[in-house]
Amino acid sequence: MRLNMDCIRDILLCIEDLVTPTRLARFLDIDLLNATAQIFDDELPKTPPYQEKLLEKYTNEEIIYHLQYCLKDNLIELHTNSMSSDILVKDLTPKGHEFLANIRYNTVYEKTKQICKKLGVQSLSSFVQIAQNVTSEIIKSYFISS
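Here the residue index of a chain counts from 1 through its sequence in written order. A pLDDT threshold of at least 70 governs which residues receive local features in this predicted model, and a stricter bar of 80 or more applies before side-chain atom pairs are shown or counted, although totals over entire chains, interfaces and linings include all residues. Side-chain numbers here rest on the full set of heavy atoms in the structure, without hydrogens or water.

**Comments concerning the nonpolar core**
Step number 1: Among the nonpolar cores identified, the biggest contains 35 residues, and L12, I15, F27, L67 and F99 are the most heavily contacted of them.
Step number 2: A helix here means a DSSP run of H or I that spans at least four residues, while a strand means a run of E at least two residues long, and both kinds are numbered starting from the N terminus. Elements supplying a minimum of two residues to this core: α1 (5-18), β1 (25-28), α3 (49-55), α4 (60-72), β3 (86-92), α5 (94-103), α6 (106-119) and α7 (124-145).
Step number 3: Per element, the largest residue contribution to this core is eight residues, and it comes from α1.
Step number 4: The contacts of F27, once residues within four sequence positions are left out, are C14, I15, Y50, Q51, L54, I63, L67, S85, D86, I87 and V89. Buried Ala, Val, Leu, Ile, Met, Phe, Trp, Tyr and Cys residues form a nonpolar core when they are joined through side-chain atoms within 4.5 Å. Categorising residues by exposure relies on relative accessible area from a 1.4 Å probe, with only protein chains included: less than 20% of the type maximum marks a residue as buried, more than 50% marks it as exposed, and the intermediate range marks it as partly exposed. Residue contacts are defined here by distance: any two heavy atoms, one from each residue, within 4.5 Å place the two residues in contact.

In structure tokens:
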């Protein structure tokens, strides 16, 4: 599956909005739950409203894939009781917060996406580096024009 930076950004923004020191973000792998429910004749847990909102834009498979990618790339931290069908996100990591800080605003994010497209860049590490450079250039231009 190809990386979808929009999906990664939306997931990180969702997590940032939800998570507190006493509240986790819970994502359900609906496909896996559906498969096991048929085997064990279980009732499925209700999908959280924030995940429903993400499901309007992305498939379950995309959301789960990108959650796992964010975990592997150290952007999110899982709660120790997370299972494959019930992903409990404890928080963004410092790297996740920094990345999100650089792409939070649409102007910076869209500029970063344009540059990546022009350069043919598709990796997350390159996307992060370009976002940092776009942010740096905005800061520099502010001081030059002041």
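From this point, the discussion proceeds with the structure in view.
**Quick notes on the sheet that holds strand β2 (residues 76-78)**
Step number 1: The three strands lie next to each other as β1-β3-β2, forming an open sheet whose pairing is antiparallel. Each edge of the sheet is formed by a strand with only one pairing partner; in this case those strands are β1 and β2. The mean inter-strand angle of the sheet, taken between neighbouring strand axes irrespective of direction, is 40°.
Step number 2: When DSSP finds two or more bridges between two strands, those strands count as paired. Of the pairings in the sheet, the one linking β2 to β3 comprises three bridges and is antiparallel in character. Its bridge partner being in β3, E77 is matched across the sheet by D91.
Step number 3: Contacting β1, β2 and β3, α1 runs over the sheet at an angle of about 75° to β3. Axes here mean lines fitted to C-alpha atoms, for a helix over just the part in contact, with angles spanning 0 to 180 degrees between N-to-C directions.

**Focus: the packing of α1 against α5**
Step number 1: In the contact formed by α1 and α5, the axes pass within 10 Å of each other and the chain directions differ by 110°. In terms of orientation, α1 lies roughly perpendicular with respect to α5. Considering only the axes of α1 and α5, their crossing is left-handed. Residues I8, R9, L12, L13 and E16 of α1 form the contact with α5, whose participating residues are H97, F99, L100 and I103.
Step number 2: Residues belonging to the contact of α1 with α5 are distributed by class as follows: six nonpolar, one polar and two charged. Note that the term roughly parallel is reserved for angles under 35 degrees, roughly antiparallel for angles over 145, roughly perpendicular for angles of 65 to 115, and oblique for everything else. Left-handed is the label given to a crossing in which the near helix is rotated counterclockwise from the far helix by less than a right angle, and right-handed is the label when the rotation is clockwise. Amino acids outside the nonpolar list (Ala, Val, Leu, Ile, Met, Phe, Trp, Tyr, Cys, Pro) and the charged list (Asp, Glu, Lys, Arg) are all regarded as polar, and Gly is one of them.

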